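Coordinate inspection notes
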Amino acid sequence: MTRSDLVEELAARFGQLTHRDAEYAVKTILDAMSEALVRGHRIEIRGFGSFSINRRPPRLGRNPRSGESVQIPEKRVPHFKPGKALREAVDERTAQIEARAKG
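Residues numbered from 1 in each chain as written. Predicted model: local features only at pLDDT ≥ 70, side-chain atom pairs only at ≥ 80, totals over all residues. Heavy atoms only, no water.

**Points about the overall build of the protein**
Applicable threshold: Counting from the N terminus, the helices are the DSSP runs of H or I reaching at least four residues and the strands are the DSSP runs of E reaching at least two. Radius of gyration here is computed from C-alpha atoms only, and the compact-globule reference equals 2.2 Å multiplied by the residue count raised to the power 0.38. When a residue's accessible area, from a 1.4 Å probe over protein chains only, is under 20% of the maximum for its type it is buried; when over 50% it is exposed; and in between it is partly exposed. Between two residues, a contact is recorded if the distance between any of their heavy atoms is within 4.5 Å. Counted as positive: Lys and Arg. Counted as negative: Asp and Glu, with His and the chain ends omitted from the count. In plain terms, the charge of a residue is placed at NZ if it is Lys, CZ if Arg, CG if Asp and CD if Glu.
Looking only at helices and strands, the protein features 3 helices and 5 strands. Across the protein, helices and strands are ordered from the amino to the carboxyl terminus as α-α-β-β-β-β-β-α. On C-alpha atoms alone, the protein measures out to a radius of gyration of 20 Å, which is more than a quarter above the 13 Å that the 2.2 N^0.38 rule sets for 103 residues. With the C-alpha coordinates aligned to their principal axes, the bounding extent of the protein is approximately 55 × 45 × 30 Å. Expressed as a percentage of its 103 residues, the buried residues of the protein come to 15%. Here the analysis covers contacts within the protein between residues at least 6 apart in sequence; of these, 29% occur between residues at least 24 apart. Looking at charge distribution, the protein has the averaged site of its 20 positive side-chain charges lying 7 Å from that of its 14 negative ones.

**So, the packing of aromatic side chains**
Filter applied, for reference: Any two of the Phe, Tyr and Trp rings considered here, Trp counted by its six-membered ring, make a pair once their centres fall within 6.5 Å; the pair's planes then place it as stacked at under 30 degrees, edge-to-face at over 60, or tilted in between.
Per the counting criterion, the structure on display carries 2 aromatic pairs. Aromatic pair Phe 48 and Phe 80: ring centres 5.4 Å apart, planes at 45°, arrangement tilted. Of this pair, Phe 48 sits in the loop between strand 1 (43–45) and strand 2 (49–56) while Phe 80 sits in strand 5 (residues 75–82), and the two are 32 residues apart along the sequence. For Phe 48, a relative accessible area of 37% corresponds to the partly exposed category. Exposure remark for Phe 80: the relative accessible area of 31% places this residue in the partly exposed category. Ring plane angle 45° and centroid distance 4.8 Å describe the contact between Phe 51 and Phe 80, whose orientation is recorded as tilted. Placement of Phe 51 in strand 2 and of Phe 80 in strand 5 is noted, with a sequence separation of 29 residues between them.

Below you can see the structure in the form of structure tokens.
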């Protein structure tokens, strides 16, 4: 699902929202989540999962073209951990879809 798919789904589910309002809502939520992660906060959405920042330590890598050693600096990357309800829902729905495909 892309960002525009999410906007379309939101506008379709809530008839009182215009396409522009749905787009603004999605943008506002994603911007708030991004800003929270940049500040080092953890985001937890019950029943869905949590977002946090993981630290990747500096390391020595190789340039694949020349074989030369390259120092790769420390990075902070976003990490998503699905919640129990999401994991169970995905497992259940994929099992149903697979059962339909077989039978």
